[in-house]
Amino acid sequence: MPVPAPVPALPVTFRPTVTRTVLLSVGTVMFLVISAIGLMLEQLSAGERLSFIVTALLFFGVLALLSRPKVVADDTGVTVVNLTRTRRLEWAEILRVNLRPGDPWVFLDLSDGSSLPVLGIQPGVAKERAIRDARALRDLTESRSVRDDDMR
């Protein structure tokens, strides 16, 4: 029988590191190249050069926003950081951690009947790591959650 992996020590952060590294690297290179082109073109006015730099900053900003997702688990609960929103959950609010085949990221089933996407655990580039992170989050949830039936 396989030995189950130990529950990770808290606090722990889950994030798609390879994706984040690629996005921020590409964003930095794009910013530098577009800005350099704008500054090297002699026929451009100062306003046009500035527009190159602003455009490069916008591209970098979008890629930085895409690299933002993460999940931070601590003693009191989980903080889910997606693209534009952050949500704090108590352990008891999380009923289930789901990563089914074909899912683009983990989903949390919550006690209010809703489901929350967790973009911080994505199987796209690093599938094995995403599966390992999803299992670790599931194990943490199961070990930390206090449900009504446990209180009787």
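Residues numbered from 1 in each chain as written. Predicted model: local features only at pLDDT ≥ 70, side-chain atom pairs only at ≥ 80, totals over all residues. Heavy atoms only, no water.

Peer 1: What should I look at first to understand the pattern of salt bridges in this one?
Peer 2: Pairing between side chains of opposite charge can happen when their charged atoms approach one another. Applying the stated rule across the entire model yields six salt bridges. For the salt bridge of Arg 88 with Asp 74, the shortest nitrogen-to-oxygen distance reads 2.8 Å. Taken together, the positions of Arg 88 in strand E4 (residues 86-90) and Asp 74 in the loop between strand E2 (70-73) and strand E3 (77-81) put the pair 14 residues apart, joining distant regions of the chain. Its relative accessible area of 34% is what places Arg 88 among the partly exposed residues. Salt-bridge contacts for Asp 133 lead to Arg 129; the nearest nitrogen and oxygen are separated by 3.5 Å. Pair noted here: Asp 133 and Arg 129 are both in helix H3 (residues 127-144), with a separation of four residues, about one helical turn. (Salt bridge = Lys/Arg side-chain N within 4 Å of Asp/Glu carboxyl O. Helix = DSSP H or I, 4+ residues; strand = E, 2+ residues; numbered from the N terminus. Buried < 20%, exposed > 50% of the residue type's maximum accessible area, 1.4 Å probe, protein only.)

Peer 1: Teacher, can you tell me more about a nonpolar patch on the surface here?
Peer 2: Taken together, Val 18, Val 22, Val 26 and Val 125 make up a surface patch of nonpolar side chains, about 330 Å² in accessible area. Within the element layout of this structure, Val 22 appears in helix H1 (residues 17-40). Take Val 22: its relative accessible area is 47%, and that puts it in the partly exposed class. (Patch = residues over 30% accessible without salt bridge, like charges linked within 9 Å, V, L, I, M, F, W, Y side chains within 5 Å. Areas by Shrake-Rupley, 256 points an atom, 1.4 Å probe, with all protein chains shown as cover.)

Peer 1: Looking at this structure, how should I read the nonpolar core?
Peer 2: One recurring pattern in soluble globular proteins is that nonpolar side chains are buried together. Ranked by internal contacts, the top residues of the largest apolar core, which has 22 residues, are Phe 14, Val 78, Ile 94, Leu 108, Ile 121 and Leu 137. If you list the elements that add at least two residues to this core, you get strand E1 (12-14), E2, E3, strand E5 (94-98), strand E6 (106-110), strand E7 (115-118) and H3. Considering each element in turn, this core owes the most residues, five residues, to H3. Among residues more than four places away in sequence, those in contact with Leu 137 are Phe 14, Val 71, Val 78, Val 97, Leu 108 and Ile 121. (Core = buried A, V, L, I, M, F, W, Y, C linked by side-chain atoms within 4.5 Å. Contact = heavy atoms within 4.5 Å.)

Peer 1: Mind showing me how you'd approach the environment of Val 18 here?
Peer 2: Tracing the backbone through its elements, the reader meets Val 18 in helix H1. As a C-alpha pair, Val 18 and Glu 90 span 72 residues in sequence and 28 Å in three-dimensional space.

Peer 1: Explanation requested: the confidence of the model for the protein chain in the structure shown.
Peer 2: As a general rule, the predicted coordinates of low-pLDDT regions are not to be interpreted in detail. Per-residue confidence for the protein chain gives a mean pLDDT of 90; residues scoring 70 or more make up 92%. Per-residue pLDDT stays below 50 along residues 147-152; that stretch engages in five contacts with residues further than four places along the chain or on separate chains. (pLDDT = per-residue confidence, 0-100.)

Peer 1: Mind showing me how you'd approach the sheet that holds E5 here?
Peer 2: The strands making up a sheet associate through hydrogen bonds between their backbones, and the pairing can be parallel or antiparallel. In space, the three strands of this open sheet follow the order E5-E6-E7, with antiparallel pairing throughout. The open sheet has two edge strands with one neighbour each: E5 and E7. Put simply, the sheet's adjacent strands are angled 25° from each other on average, direction ignored. The pairing of E5 with E6 spans four bridges and is classified as antiparallel. Bridge pairing links Ile 94 to Leu 110 in E6. Against the sheet, H3 contacts E5 and E6, and its axis sits at roughly 165° relative to E5. (Pairing = 2+ DSSP bridges. Axes fitted to C-alpha atoms, helices over the stretch in contact; angles between N-to-C directions.)

Peer 1: It is not clear to me how H1 should be interpreted in this structure. Could you clarify?
Peer 2: Given 3.6 residues to a turn, an α-helix orients residues that are three or four positions apart in the same direction. The terminal C-alpha atoms of H1 lie 34 Å apart, and with 24 residues this matches the ideal 34 Å at 1.5 Å per residue to within 8%. Inspection of H1 places Leu 23, Gly 27, Ile 34, Ser 35 and Gly 38 among the buried residues, and these make up the whole buried set. Structurally, H1 contributes buried residues whose contacts are with helix H2 (46-66). (Expected span 1.5 Å × (residues − 1).)

Peer 1: I tried to follow the side chain of Thr 79 on my own but got confused; where do I start?
Peer 2: Along the chain, Thr 79 turns up in strand E3. Of the residues examined, Thr 79 reaches a relative accessible area of 17% and is grouped as buried. There is a polar contact of 2.8 Å between the side chain of Thr 79 and the side chain of Arg 88. Once you skip the residues sitting within four places of it in the chain, Thr 79 turns out to touch Lys 70, Val 71, Val 72, Thr 86, Arg 87 and Arg 88. (Polar contact = N/O pair within 3.5 Å; in protein donor to acceptor, adjacent residues only side chain to side chain.)

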